[in-house]
Amino acid sequence: MSLNEKHDKAAKNIRRPGTERADGTLDTKELIRYATLAASSHNTQPWKFRIRQDTISILPDYSRRCPVVDPDDSHLFKSLGCATENLIHAAAAQGFFANAQFDPSEDGVIVTLRSDPSAHASDLYQAITQRQCTKISYDGSLVDEPELKLLQEAGTGEGIRTLLMLSEAQKETLIDYVSKGNTAQLTNKSFRDELVSWIRFNHGEALRTGDGLSGRTSGNPSLPSWLAKLIIGLVLTAKKQVDTDAINIRSSAGIAVFISTRNDKAAWVEAGRAYQRFALQATALNIRTAFINQPIEVLTLRPGFEKWLNLNGEHALLMVRFGHSQLAPFSQRRSIDDVIIKH
Ligand SMILES: Cc1cc2nc3c(=O)[nH]c(=O)nc-3n(C[C@H](O)[C@H](O)[C@H](O)COP(=O)(O)O)c2cc1C
C-alpha cells in the first residue's frame, strides 16, 4: 500500500459511520469520536473530554495552545465549540438531547445529556464524517438563494450572526486584507516557527502524530523531514500565500464572517459552534468551506477590518470562503484514548 493510500485509509477509518440507536443507552466513546472530527486551529485538537454520569465536559488542553497566532486562546475555545456542536448532533443520533453550556468555574463546556425519544440522526449529523476544510481552489460557480438562506440560518447562534459577502468588489477588498495578513504573518519568524511546528511534512509524520497540517490535505507533496526543513524558506513565502489566497477567494461563491456581540470564552465557544453548524449544513448541500482568518488574527488589521464590515461594538471572530469543488484528502486525528481523561 502506498503512503497516500495509508494516509487516506487512516483518515477514513476515524470517519467510519457512527452509532445510531434509540434504546435509551449511550455509547459515549462514539460521541467523543464524532466530537474530535471537528475543525481545530492548525489541527491542534486542543481538547480533553471528561465523562461523568449524564455529562461530558469538553476542556481545553493548554499544552496544545498556539501562543503566537492565538495569544488569548480564542481559536482554542472556538475549536472546543466546533467539537461541542458535533457531539450534540451525535447525541441526537443516539436518541439523546444534549444541552451545552460554557462553565467558567470548569474553564470548559459542560454537555448535559438526557434520553429523548424525539431525538434522531439529522442531515447535519450525517455530514460530520464528510465535513472538511477544503483548502483548494473552487470552481467559481454560485450558491443559490435557498441554499444561502440555509447557510445563514445554520451560522446563527446565541449572540452570533453570519454576514455573507458575495460581490466581486467585496472579494477584492477581502483579498487586500488577507494579503496584508499573510505578509504580516509570514514575515514574522515566531509565527513561521509556530506554524512549521504544526506542519507534518510527510505522510508518515502525519500518521504518527495524528494531528497537525498534513501536506496531503492541501495538495503538497510528501517530503522527507530533512529536505522539507531545507526548502521550507523557499516554499512557505508571503508572496506565494498571497497569490494562492487571491486565486482561492476569487474561485469561491462567497465569504461568511461569524460576528459576535461579545468577545469572551463563552462567545468563542458559540462562534465555533456556529461555524461548525454552517460547515455541516454546507457539507449536506455539497458546498465546501475553508477558513481565511488572517484579518482577524493580525491584531493591527482587525479594527480596520471590523470598521469596513460596519460593526458597531460587535466582533468578527471567524471567516470562511465557500463554494463548489471536489473533496480533498481528509486530515488525521489522534486516538480517542489520548483525549479522554482517565480519572
Ligand atoms: C478556530 C479555527 C481557526 C482556523 N484557522 C484556519 C486558518 O486561518 N487557515 C486555514 O487554512 N485553516 C484554519 N482552520 C482549519 C484547520 O486547519 C482545520 O480544521 C484542521 O486542519 C483540521 O482539518 P479539517 O477541518 O479538514 O478536519 C481553523 C480551524 C479553526 C477551528
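Residues numbered from 1 in each chain as written. Predicted model: local features only at pLDDT ≥ 70, side-chain atom pairs only at ≥ 80, totals over all residues. Heavy atoms only, no water.

Within an unreviewed UniProt entry, the label attached to the protein chain reads Nitroreductase family protein, and the organism entered is Neptunomonas qingdaonensis.

Caption draft 1: Structural detail: the pairing of strand β3 (residues 96-103). Because side chains alternate across β3, one face comprises the buried residues Phe 96, Ala 98, Ala 100 and Phe 102, and the other comprises Phe 97, Asn 99, Gln 101 and Asp 103, none of which is buried. The pairing of β3 with strand β4 (residues 108-115) spans 8 bridges and is antiparallel. For Phe 96, the partnering residue across the bridge sits in β4 and is Ser 115. A loop of 4 residues connects β3 with β4, the two strands running antiparallel in sequence, and Asp 107 in this loop sits at a positive phi of about 60°. (Buried < 20%, exposed > 50% of the residue type's maximum accessible area, 1.4 Å probe, protein only. Helix = DSSP H or I, 4+ residues; strand = E, 2+ residues; numbered from the N terminus. Pairing = 2+ DSSP bridges.)

Caption draft 2: Quick look at the packing of helix α3 (residues 74-93) against helix α12 (residues 265-284). At a minimum axis separation of 6 Å, α3 and α12 run at an interaxial angle of 50°. With respect to each other, α3 and α12 are oriented oblique. Along this stretch, α3 crosses α12, giving a crossing that reads as right-handed. Touching Ser 74, Phe 77, Lys 78, Gly 81, Cys 82, Thr 84, Glu 85, Asn 86, Ile 88 and His 89 of α3 are Lys 265, Trp 268, Val 269, Ala 271, Gly 272, Arg 273, Tyr 275, Gln 276, Arg 277 and Leu 280, all from α12. (Axes fitted to C-alpha atoms, helices over the stretch in contact; angles between N-to-C directions. Parallel < 35°, antiparallel > 145°, perpendicular 65-115°, else oblique. Left-handed = near helix turned anticlockwise from the far one by under 90°. Contact = heavy atoms within 4.5 Å.)

Caption draft 3: Local environment of the nonpolar core. In terms of nonpolar packing, the biggest core is built from 58 residues, with Phe 49 and Phe 322 touching the most fellow members. Looking at which element gives the most residues to this core, the answer is α3, with 10 residues. Here this core spans two domains, and each of domain 1 (3-131) and domain 2 (145-323) adds at least three residues to it. Aside from chain neighbours lying at most four places away, what touches Phe 49 is Ile 32, Ala 35, Thr 36, Ile 56, Ser 57, Ile 58, Ala 83, Leu 87, Val 339, Ile 340 and Ile 341. Counting 17 residues, the second-largest nonpolar core is a separate cluster that includes Tyr 177, Ile 255, Ile 292 and Phe 305. (Core = buried A, V, L, I, M, F, W, Y, C linked by side-chain atoms within 4.5 Å. Domains from an automatic or database assignment.)

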